[in-house]
Amino acid sequence: MKQQALPRRGYFKNLAARLKRNWQMYVFLILPLAYLIIFKYIPMVGVQIAFRRYTPAGGIWGSQWVGMANFLKFFQSYQFSRVLGNTIKLSLYALAAGFPLPILLALCMNALRNKHYQSFIQNITYMPHFISTVVMVGIILQILNPRIGIFGNIYTSLTGKVAPDLMANPAAFGHLYVWTGIWQNCGWDTVIYVAALSGVDPELHEAAVIDGASRFKRLWSVDFPFIIPTIAITFILRCGSLVGIGFDKIYLMQNDLNLRASEVISTYVYKVGLAAGGGDFSYGAAIGLFNSVINLILIVLVNWLSGRVSDNSLW
């Protein structure tokens, strides 16, 4: 017993010494910890709304407990397959099309020899990120207007016919949503990769040049392997929000004609929980909790697979 107690006493003694020695650094942790506790952990008490038939009069604790009834209601709903299918389809499309492009753009910008031209390209590609979502959707609607938009005028001038309304076409919604998002965020997503590439040792490139490697060969054999850990981490984080596809842009792009292709979990939660009549808070909370659990499972699974395959993981 004494042999077990001594190491523990020594551990706490060393911990107290470290706290005393570096107390200024630990003080900086107070605000972040307070933020996490107040705005992240304490609100988790409200998750139980998903298991109750919530009423404002009864409150969280006074509302009737119904267990899994709200989840079963969602699973048995005719909207379940369509909403979940649209969410997964758009998320996978955005991941497959949007994840590799910032990597390629960062590698290409890093390969540029003219640094002034590189800075110009960076600024041009970064700027769309700072356009608000409302303004971005307004630009999309104006450009794609079949009568007065750029697309409508070009189509009419070439064919002599009125252009089709792409925003009313469910088959076109996914392409419009994903590729406008890539145009807006691709440049900004290169920031982390450009920063990682700045750490490549120039001597590696010098050795590759001596060995006769071309610029493309150096890009593939020196630059790309160096940022693989960064790619793995960003991929894990992207997969962690795979089912949590954004609300604002999709909601603004929705209309009655493209709804069967644009209704996703986030917009459906808003409509059933807040927008419809008095709002079914418990039903909306259940759907939102289901969404969060799926995201948690995905990030844990992808993190585990990444750690097994490449030894790069979040934990």
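Residues numbered from 1 in each chain as written. Predicted model: local features only at pLDDT ≥ 70, side-chain atom pairs only at ≥ 80, totals over all residues. Heavy atoms only, no water.

## Things to note about the overall build of the protein
Put simply, the test is: To qualify as a helix, a DSSP run of H or I must reach at least 4 residues; to qualify as a strand, a run of E must reach at least 2; elements of each kind are numbered from the N terminus. Note that the radius of gyration is over C-alpha atoms, with the globule rule given as 2.2 Å times the number of residues to the power 0.38. The classification of residues rests on relative accessible area computed with a 1.4 Å probe and restricted to protein chains. Under 20% of the type maximum is buried, over 50% is exposed, and intermediate values are partly exposed. Here, two residues are considered to be in contact whenever any of their heavy atoms come within 4.5 Å of each other. Accessible areas in this description were obtained via Shrake-Rupley with a 1.4 Å probe; residue shielding takes into account the shown protein chains only. We score Asp and Glu as negative and Lys and Arg as positive, and we do not count His or the chain ends. Just so you know, the charge point we use is NZ for Lys, CZ for Arg, CG for Asp and CD for Glu.
When you go through the protein residue by residue, the secondary structure sums to 19 helices and 2 strands. Computed over its C-alpha atoms, the radius of gyration of the protein comes to 26 Å, more than 25% above the 20 Å expected for a compact globule of 315 residues. In terms of overall dimensions, the protein has C-alpha extents of about 90 × 75 × 35 Å along its principal axes. Scored against the burial criterion, the 315 residues of the protein give a buried share of 34%. If you take every contact in the protein between residues at least 6 apart in sequence, the share linking residues at least 24 apart comes to 61%. By element, 68% of the accessible surface of the protein is carried by carbon and sulfur atoms, the whole surface being about 19,600 Å². Once the 25 positive and 12 negative side-chain charges of the protein are each reduced to a mean point, those two points are 12 Å apart.

## Examining the packing of aromatic side chains
How we decide: Paired rings are identified among Phe, Tyr and Trp, the last through its six-membered ring, by centres lying within 6.5 Å, and are further divided according to the angle between planes into stacked (under 30 degrees), edge-to-face (over 60) and tilted (the rest). Put simply, a charge is over a ring when the Lys NZ or the Arg CZ is close to the ring centre, within 6 Å, and near the line of the ring normal, within 35 degrees.
One pass over the full model with this rule turns up 22 aromatic pairs. Where phenylalanine 75 meets phenylalanine 80, the ring centres are 5.4 Å apart and the plane angle is 75 degrees; that geometry is what we call edge-to-face. Overall, phenylalanine 75 belongs to the partly exposed group, its relative accessible area being 35%. Judged by centre distance (5.4 Å) and plane angle (70 degrees), the rings of phenylalanine 75 and phenylalanine 290 are edge-to-face. Of this pair, phenylalanine 75 sits in helix α5 (residues 69-75) while phenylalanine 290 sits in helix α19 (residues 281-310), and the two are 215 residues apart along the sequence. Among the aromatic residues, those joined into a ring-pair cluster are Phe74, Phe75, Phe80, Tyr268, Tyr283 and Phe290. Over the ring of tyrosine 283 we find lysine 73; its NZ or CZ atom is 4.5 Å from the centre of that ring. Directly above the aromatic system of tyrosine 177 lies the positively charged group of lysine 249, at a separation of 5.1 Å from the ring centroid.

## What about the confidence of the model for the protein?
Regions with low pLDDT carry predicted coordinates that are not meant to be interpreted in detail. So the rule is basically this: pLDDT measures the predictor's confidence residue by residue and takes values from 0 up to 100.
Residues at a pLDDT of 70 or more form 96% of the protein, whose mean pLDDT is 87. Averaged pLDDT values for the elements of the protein fall to 68 in helix α1 (residues 2-21) and rise to 93 in α5. Counting interchain partners and residues more than four positions distant, the pLDDT-below-50 stretch residues 1-6 has 0 contacts.

## Topic: the nonpolar core
Inclusion rule: Residues grouped as a nonpolar core are buried Ala, Val, Leu, Ile, Met, Phe, Trp, Tyr and Cys residues, joined through side-chain atoms within 4.5 Å.
Of all hydrophobic cores here, the largest spans 21 residues; its most connected members are Phe99, Ile103, Leu107, Tyr193, Leu197, Ile227 and Ile231. For this core, the elements supplying multiple residues, two or more each, are α7 (100-111), α12 (191-197), α14 (215-226), α15 (228-240) and α19. If we skip the residues at most four places from it in the chain, leucine 107 touches Leu197, Leu219, Asp223, Phe224 and Ile227. Of all hydrophobic cores here, the second largest spans 18 residues; its members include Phe173, Ile182, Cys186 and Val264.

## Overview of the packing of helix α13 (residues 202-210) against α14
Cut-off, in case you're wondering: With axes taken as lines fitted to C-alpha atoms, and helix axes fitted only over the stretch in contact, angles between N-to-C directions fall between 0 and 180 degrees. Every angle not falling under 35 degrees, over 145, or within 65 to 115 is termed oblique; those three ranges are roughly parallel, roughly antiparallel and roughly perpendicular. Crossing handedness follows the turn of the near helix against the far one: under a right angle anticlockwise gives a left-handed crossing, and clockwise gives a right-handed one. The residue classification treats Ala, Val, Leu, Ile, Met, Phe, Trp, Tyr, Cys and Pro as nonpolar and Asp, Glu, Lys and Arg as charged. All others, Gly included, are polar.
In contact at an axis separation of 10 Å, α13 and α14 are set at 135 degrees when each is read in the N-to-C sense. Between α13 and α14, the angle is such that the two are oblique. In the crossing of α13 with α14, the sense of the turn from one axis to the other is right-handed. Residues Leu204, His205, Ala208 and Val209 of α13 pack against Arg215, Arg218, Val222 and Asp223 of α14. Residue classes in the contact of α13 with α14 are distributed as 4 nonpolar, 1 polar and 3 charged.

## Description of the pattern of salt bridges
The test is simple: For salt bridges, the criterion is a side-chain nitrogen of Lys or Arg within 4 Å of an Asp or Glu carboxyl oxygen.
Summed over the entire model, instances satisfying the criterion amount to 3 salt bridges. Two residues, aspartate 280 and lysine 73, come together in a salt bridge whose shortest N-O distance is 3.2 Å. Within this pair, whereas aspartate 280 is found in the loop between α18 (265-275) and α19, its partner lysine 73 is found in helix α5, the two being separated by 207 residues in sequence. Given the relative accessible area of 29%, aspartate 280 is considered partly exposed.

## Some points on the packing of α18 against α19
The N-to-C vectors of α18 and α19 enclose an angle of 160 degrees; their axes lie 7 Å apart at closest approach. As judged from the angle between their axes, α18 and α19 are roughly antiparallel. Where α18 crosses over α19, the handedness of that crossing is left-handed. Where α18 abuts α19, its residues Ile265, Tyr268, Val269, Val272, Gly273 and Leu274 lie against Phe281, Tyr283, Gly284, Ile287, Gly288 and Asn291. Each residue belonging to the contact of α18 with α19 can be placed in one class, and the counts come to 8 nonpolar, 4 polar and no charged.

## Considering helix α8 (residues 115-126)
Selection criterion: The span expected for a helix works out to 1.5 Å for each residue beyond the first.
With 12 residues, α8 should cover 16 Å at 1.5 Å per step; its first-to-last C-alpha distance of 16 Å lies within 8% of that length. On its buried side, α8 packs onto α7, α11 (170-189) and α12.

## Regarding the side chain of glutamate 263
Keep this limit in mind: Two N or O atoms form a polar contact when they lie within 3.5 Å of each other; inside protein one atom must be a possible hydrogen donor and the other a possible acceptor, and for residues adjacent in sequence the pair counts only when both atoms belong to side chains.
Secondary-structure assignment places glutamate 263 in the loop between α17 (259-262) and α18. Among the polar contacts listed, one links the side chain of glutamate 263 to the side chain of threonine 267, at a separation of 2.6 Å. When near neighbours in sequence (up to four residues on either side) are disregarded, glutamate 263 contacts Arg82, Val83, Asn86, Gln254, Tyr268 and Lys271.

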